[in-house]
Amino acid sequence: MNRNNFRTNPRLMFLSKEDEAYPMKNDSDNRNGDVALPIAQNYTKPKEKSLLARRLYILSWIGSYEREKGMSDLIAGITLGMTIIPQSIAYAALAGLSSEYGLYSAFMGSIIYVFFGTIPQVSIGPTSLMALLTLQYCSDKPVQIVIVLAFMAGLVELLMGVFRLGFIVNFIPSPVTKAFTSGTALIVALVQMKTLFGVKVKGIPTPAEFWNNIKVPDAIVGVTCLVVLLLLRQLSSVNFKKKNETTRRLKKLLWYISISRNALVVFVLSFIAYMWIKKSSIEAIPFSLSSKVTSGLPQFKLPPFSFESGNRTYGFFDICSELGSGLIVVPIVAVLANVAIAKAFVKDSQLDASQEMLTLGLCNLAGSFFSAMPTCGAFTRSAVSQASGVKTPMAGIYTGIIVFSALSILTPYFQYIPKSSLSAVLIAAVIFMVDFSPFLNLWKNNKKDFFSWTGCLVVCLVAGVEVGLLYGIVLNMIFVLLRLGNPKVDVNLKQCDSVTYVHIKPMSDVYFSGADAIRTEIRSACILYRYDFPVVLDCSRFMLFDATFIEMLNAVAKEINEQKQIFVLQSLSEKHKPLFPAANSNIIFAMDPLTVDDFMTAEKKANGNGSLMA
């Protein structure tokens, strides 16, 4: 191939004779022949966005906003609004709150994310996960504590974003996330079973108690709603044999009906209950209805850091004491869920996790000023946005307007929603988040991940979701520490021309915690080969090189020297070589690849008799 052909290919750049006239970095010590190319000075890094554009993220895309994107966002926003209203009401009920608190949260999350969010598909608002944690930490407590929890969670999330702690989510492995999601979904489904069947028994009923306390009208409504929701969900996957304009429009109609199934079911049942009461009375309704919802929009006010309830005065520290570990668990779980959802929808795998933390923190902080409950991203709603063709976060404006309208106009009618229908909405939303496929896959492929997934799922179900998450994180941190303390090492006999030597190469990064493991491998290799050959240690993977490494290497060199062996440190960084005393004549430095000259130099330095090369 002609050399000039390489020069015209942007992926294969070589220097020509005229290029060689440029001054180059001296590479006399470079055994691999790597050369610093002078043409590199012609390339500059892309200009970074300003701090304001990175943080107020709307500035990075609003300038290119156009009509086509606007129409797509309008459709997606309206579709999402029809989905988020019944879900918000249901999640508020799950958290033990009245319906308006769920809508307050949906309204603020949708609006704030428009200005600071980076992923168009992400929908911030009430979720089953946050509702479950809210119920766990705020059950039978005044609603003011829920609002303060939203404020404190937002503050922690905001600080995590400001200090750019987005990297911490990388320490939570995928099996733990999957088990945590499945465990949470199962808990939500199990908790809602009582309401679905109209069972009014405190605590966890026995199977006999559950069966004897089933309220038939509630059970009929709940099971019917659940079946209808599951059937409507399948409409989006209907395919027609003939492909024409009529079938295309029909498929689009079925898709809209499918994604609006929650709103349709809740609306139909609420209308039936309304007409029933209008013709007779509320006492004639055989199934349970939602509680009456306070009409009107939320008032802007400071979170209640001090309040009176039940002949008791709660101060700020009293509230924090009541919340306990929830002050840390809720924001961490919210960040985990939000970043996981963002990763699922991000394009080109470029995600600013710290910005997502900051945005989530602002959503919760702003929400607490409007009496909202803790929020985070919801996978199901994000999937609806994706399927609706969302283009930018601007869709949140339209979603917020729909929720705003519901708060100002529809709140008097929320009391007609059957409780069992909301339970059906929750169960239908989370049941498909349960995934048992990792059980067999991980058992076959990775036992460590299998125990992480299985243990996390079991602990979530038995001890609570926050304990299960903590278990998964701690277990995997133990695995990481074990790996750092016991690095894999490859030991082989190799030959360089006429010289045979023992080559010891770590197969993973080695930190100071693995120094003793390396020392043990060197000793074992020396004993195995009876101190007959030089020892070459590949140092290219030594990380955080410190006093521990130096003490270990000097001790090994001393032991080897007593056996008249040569000890070669291969690929050791230049800045670390001066750390070894010149008096230790048994340590030799060499680069990769080794040459006979390296061993000749080592032999002469050690004893000057050349017997090694014989």
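Residues numbered from 1 in each chain as written. Predicted model: local features only at pLDDT ≥ 70, side-chain atom pairs only at ≥ 80, totals over all residues. Heavy atoms only, no water.

Side-chain alternation along strand β7 (residues 535-538) places V535 and L537 on one buried face and V536 and D538 on a second face that is also buried. Bridge count between strand β6 (residues 499-506) and β7: 3 bridges; the pairing is parallel. Counted as the bridge partner of H503 is V536 from β7. Handedness of the crossover joining β6 and β7 through helix α21 (residues 515-528) is recorded here as right-handed. Alignment of β7 against strand β8 (residues 567-570), held across 4 bridges, turns out to be parallel. (Buried < 20%, exposed > 50% of the residue type's maximum accessible area, 1.4 Å probe, protein only. Helix = DSSP H or I, 4+ residues; strand = E, 2+ residues; numbered from the N terminus. Pairing = 2+ DSSP bridges. Right-handed = clockwise from strand over helix to strand, strands pointing away.)

Take the pattern of salt bridges next. One pass over the structure, following the stated rule, counts 10 salt bridges. D218 is paired through a salt bridge with K215; the nearest N and O atoms lie 3.8 Å apart. Here the salt bridges share partners, and the residues they tie into one network are K141, R312 and E322. (Salt bridge = Lys/Arg side-chain N within 4 Å of Asp/Glu carboxyl O.)

Fine structural detail should not be taken from predicted coordinates in areas where pLDDT scores are low. Averaged over all residues, the pLDDT of the protein is 82; the fraction at 70 or higher stands at 89%. Mean pLDDT across the elements of the protein ranges from a minimum in helix α1 (residues 3-8), with 43, to a maximum in helix α6 (residues 143-162), with 94. Contacts of residues 1-33 to residues separated by more than four positions or lying in other chains number 35 contacts, the stretch itself having pLDDT below 50. Across residues 609-614, confidence stays below pLDDT 50; counting only partners more than four residues off in sequence or on other chains, it has 11 contacts. (pLDDT = per-residue confidence, 0-100. Contact = heavy atoms within 4.5 Å.)

On the secondary structure map, T548 appears in helix α22 (residues 547-562). In this structure, the C-alpha to C-alpha distance between T548 and G514, residues 34 residues apart in sequence, is 9.6 Å. Beyond its immediate sequence surroundings of up to four residues, T548 is in contact with F512 and A515.

Attention now goes to the packing of aromatic side chains. Here the structure, examined in full by the defined rule, presents 23 aromatic pairs. Residues Y101 and Y104 carry aromatic rings whose centres are separated by 5.8 Å and whose planes lie at 75° to one another, so their mutual orientation is edge-to-face. Pair noted here: Y101 and Y104 are both in helix α4 (residues 99-116), with a separation of 3 residues, about one helical turn. Plain terms: the ring middles of Y274 and Y416 are 5.3 Å apart, the flat faces sit at 75° to each other, and that makes the pair edge-to-face. Placement of the pair is Y274 in helix α11 (residues 261-279) and Y416 in the loop between α16 (395-410) and α17 (419-430), with a sequence separation of 142 residues. Note on Y416: relative accessible area 16%, which makes it buried. A network of ring pairs unites the aromatic residues F151, F300, F305, F316, F317, F369 and F370 as a single cluster. One Lys or Arg, R233, reaches over the ring of F432 and ends 3.6 Å from the middle of that ring. Sitting above the plane of the F479 ring, K448 keeps its charged end 5.6 Å from the centroid. (Phe/Tyr/Trp six-rings, centres within 6.5 Å; stacked < 30°, edge-to-face > 60°. Lys NZ or Arg CZ within 6 Å of the ring centre and 35° of its normal.)

Next up on the list: the environment of I172. The topology assignment puts I172 in the loop between α6 and α7 (174-196). In this structure I172 comes out as buried when scored by relative accessible area, which is 14%. Along the chain, I172 and N476 lie 304 residues apart, while their C-alpha atoms are 8.0 Å from each other. Excluding residues that lie within four positions of it along the chain, I172 makes contacts with T177, L336 and I473.

Turning to helix α9 (residues 216-233), a few remarks are in order. If you check α9, its first and last C-alpha atoms are 25 Å apart, about what 18 residues at 1.5 Å a residue would give, namely 26 Å. Those residues of α9 not exposed but buried are D218, A219, V221, G222, C225, L226, L229 and L232. (Expected span 1.5 Å × (residues − 1).)

A few words on a nonpolar patch on the surface. On the surface, a nonpolar cluster with roughly 510 Å² of combined accessible area is contributed by F267, V268, F271, I272 and W276. Note on placement: W276 falls in helix α11. For W276, a relative accessible area of 36% gives the class partly exposed. (Patch = residues over 30% accessible without salt bridge, like charges linked within 9 Å, V, L, I, M, F, W, Y side chains within 5 Å. Areas by Shrake-Rupley, 256 points an atom, 1.4 Å probe, with all protein chains shown as cover.)

Before going further, it helps to examine α16. Along its 16 residues, α16 runs 22 Å from first to last C-alpha, staying within 8% of the 22 Å computed at 1.5 Å per residue. Residues of α16 that are buried include every one of A395, G396, T399, G400, I402, V403, A406 and L407, and no others. For α16, the angular spread of buried residues about the axis comes to 160°, placing them on one side. Of the surrounding secondary structure, the elements contacted by the buried residues of α16 are α3 (67-94) and α4. (Arc of directions from axis to C-beta.)

On the basis of which strands lie adjacent, the open sheet formed by 5 strands has the order β5-β6-β7-β8-β9 and mixed pairing. The open sheet has two free edges, formed respectively by β5 (489-496) and β9 (587-590), since each of these has just one partner strand. Taken over all neighbouring pairs, the strand axes of this sheet differ in orientation by 25° on average, direction set aside. Two strands pair when backbone bridges link them, and β5 and β6 are joined in this way by 8 bridges, in the antiparallel orientation. The residue of β6 that forms the bridge with K494 is Y501. Most of the contacts of α21 go to β6, to which it runs at about 155°, and overall it touches β5, β6, β7 and β8. (Axes fitted to C-alpha atoms, helices over the stretch in contact; angles between N-to-C directions.)

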